[in-house]
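Structural overview
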Amino acid sequence: MHAWFCETHDGPDALVWREGPLPEPAAGEVRIAVHAASLNFPDLLITQGKYQFKPALPFVPGAEYAGLIDAVGEGVTHLKPGDPVAAIAGTGGFGTHACVKASQVLPLPAGFPLQEAAAFAFTYGTSHHALMDRGALQAGETVLVLGAAGGVGTAAVQIAKAAGARVIAAASTDEKCATCTAIGADATINYSREKLRDALAALTGGKGPDVIYDPVGGAMAEAAFRSIAWRGRYLVIGFAAGDIPALPFNLPLLKGASIVGVFWGDFVKREPAANARSLAELSRWYAEGKVKPVIDALLPIAELPQAYRRMGSREVRGKLVMSLR
C-alpha cells in the first residue's frame, strides 16, 4: 500500500508519501480499498498534535473515507469483500488501504457514489447529533449556522431544513452566502460587512435564534450569544477561527440559555446505538433528496498538501474530496 504518513507533528507540509506494508485486519476489523477520502478540519489539527485524539507516530491521517471491503477479520460476518462502505476511523483515509473496526463501518445503499459517501458521515453525523440530539431542534424554530459554507456548516443548513426549521446562514463572503441559499438557507448574513447582532435582530424581529450552531469560535461567539433567544441553545462544535472564546457567565443566566458541547467522536464510541439511529435517519434523508454533500472539488491524492493549504485558507465551500482510484 501507499499512503501519506505523518511522522512528526509539524503539520501537513511535513507529510510523506511512501510505501508501507499492506495492513491485515485483526479480529473484528475489515480492510478497505480506499477510493475516496474527504478532508476535515480535525485532519489538520491531528497533523499538528492539537486534536483531542492523538495517535502514535507515524500514522496515516484521513478520518473519513469510502471504498470497497477487500478483506475481513475473524468474527466479521455482516460484511464481505466487495461491499461498498464508508468509514469513520479517525485515521487511515489518505492511503490506498486501511483497516478499521467493523463497528465503525457504514454499509452503503445501492447507488450511493463513493465520492459523496466519503464526504457524508463525519460532517452530517456531527451536525445531526448537534442539532437533533444536543440541540433538541424542533420544527418551526430558527437556527443560526456560523461558518455555514464549510463542510459541517452546509450539512447543518440541510439538516435544519429537513427538520422543519428556519435557517439563517452566516458566512464571510457573498459567494459563500450564495452557496448557502442554493442549499436551502432562508436568509444569509455576510459577517465580513454586516454587524451580526443588527442583522439577527432584523431577521428575527428582535427575538433571536433558538439554536446557534458554531464551528468557528473566535470573536463572533459573544456577539452571537448576546443575540440568542430566551431558552436558546448554543452548540459548541469547534474553533476553526483558532481562538477559543471566553463568554461572560452572566449571559446564559440573563438569556435562560444553554451552552452545549458537541463531541461527535466520543458520542460514536459511548452511544453506538444512538449513533446508528442518527446515521440511519441521515441515510433515509439522503435517499429522499433532503441532504446531499456539497463537494467543492475532487482532487487526486497526490495533491493532498495543496488541499490542506486550501482548507487552511478557509476558501472551501463544502468539502474537499481526495480520489485514490
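Structure: see above.
The structure reproduced in this document is the subject of the present report. (Residues numbered from 1 in each chain as written. Predicted model: local features only at pLDDT ≥ 70, side-chain atom pairs only at ≥ 80, totals over all residues. Heavy atoms only, no water.)

1. A word on the environment of Ala-149
Within the fold, Ala-149 resides in the loop between β8 (142–145) and α4 (151–162). If we ignore the near neighbours within four places in the chain, the residues touching Ala-149 are Thr-154, Ala-171, Lys-176, Cys-180, Val-316, Arg-317 and Gly-318. (Helix = DSSP H or I, 4+ residues; strand = E, 2+ residues; numbered from the N terminus. Contact = heavy atoms within 4.5 Å.)

2. Side note on the packing of aromatic side chains
Scanning all chains against the criterion turns up 8 aromatic pairs. A centroid spacing of 6.3 Å and a plane angle of 80° characterise the contact between Phe-94 and Tyr-308, whose relative ring orientation is edge-to-face. Of this pair, Phe-94 sits in the loop between β5 (84–88) and β6 (97–101) while Tyr-308 sits in helix α11 (residues 304–312), and the two are 214 residues apart along the sequence. Note on Tyr-308: relative accessible area 2%, which makes it buried. Between Phe-225 and Tyr-234 the ring centres are 5.5 Å apart and the planes differ by 45°, which places this aromatic pair in the tilted class. (Phe/Tyr/Trp six-rings, centres within 6.5 Å; stacked < 30°, edge-to-face > 60°. Buried < 20%, exposed > 50% of the residue type's maximum accessible area, 1.4 Å probe, protein only.)

3. Here we look at the sheet that holds β8
One open sheet holds the 6 strands; their spatial order is β10-β9-β8-β11-β12-β13, and the pairing between them is parallel. Edge strands, defined here as strands with exactly one partner in the open sheet, are β10 (187–190) and β13 (258–261). Taken over all neighbouring pairs, the strand axes of this sheet differ in orientation by 20° on average, direction set aside. Docked against the sheet, helix α3 (residues 121–134) engages β8, β11 (211–214), β12 (233–236) and β13, running at close to 155° with respect to β11. Strands β9 (166–171) and β10 of the sheet are contacted by helix α5 (residues 174–182), whose axis makes an angle of about 165° with β10. (Pairing = 2+ DSSP bridges. Axes fitted to C-alpha atoms, helices over the stretch in contact; angles between N-to-C directions.)

4. A few points about the pattern of salt bridges
Evaluated as defined, the whole model comprises 16 salt bridges. For Glu-222, the salt bridge is made with Arg-226, and the minimal N-O distance between the two is 2.8 Å. Taken together, the positions of Glu-222 and Arg-226, both in helix α7 (residues 220–226) and 4 residues apart, correspond to about one turn of that helix. Residue classification places Arg-226 among the partly exposed positions, given a relative accessible area of 31%. In this structure, the salt-bridge partner of Asp-266 is Arg-270, at a minimum N-O distance of 3.2 Å. Of this pair, Asp-266 and Arg-270 both sit in helix α9 (residues 264–270), 4 residues apart, which is roughly one turn of that helix. With relative accessibility at 65%, the residue Arg-270 sits in the exposed group. In this structure, a network of salt bridges that share partners links the residues Glu-24, Arg-31 and Asp-70. (Salt bridge = Lys/Arg side-chain N within 4 Å of Asp/Glu carboxyl O.)

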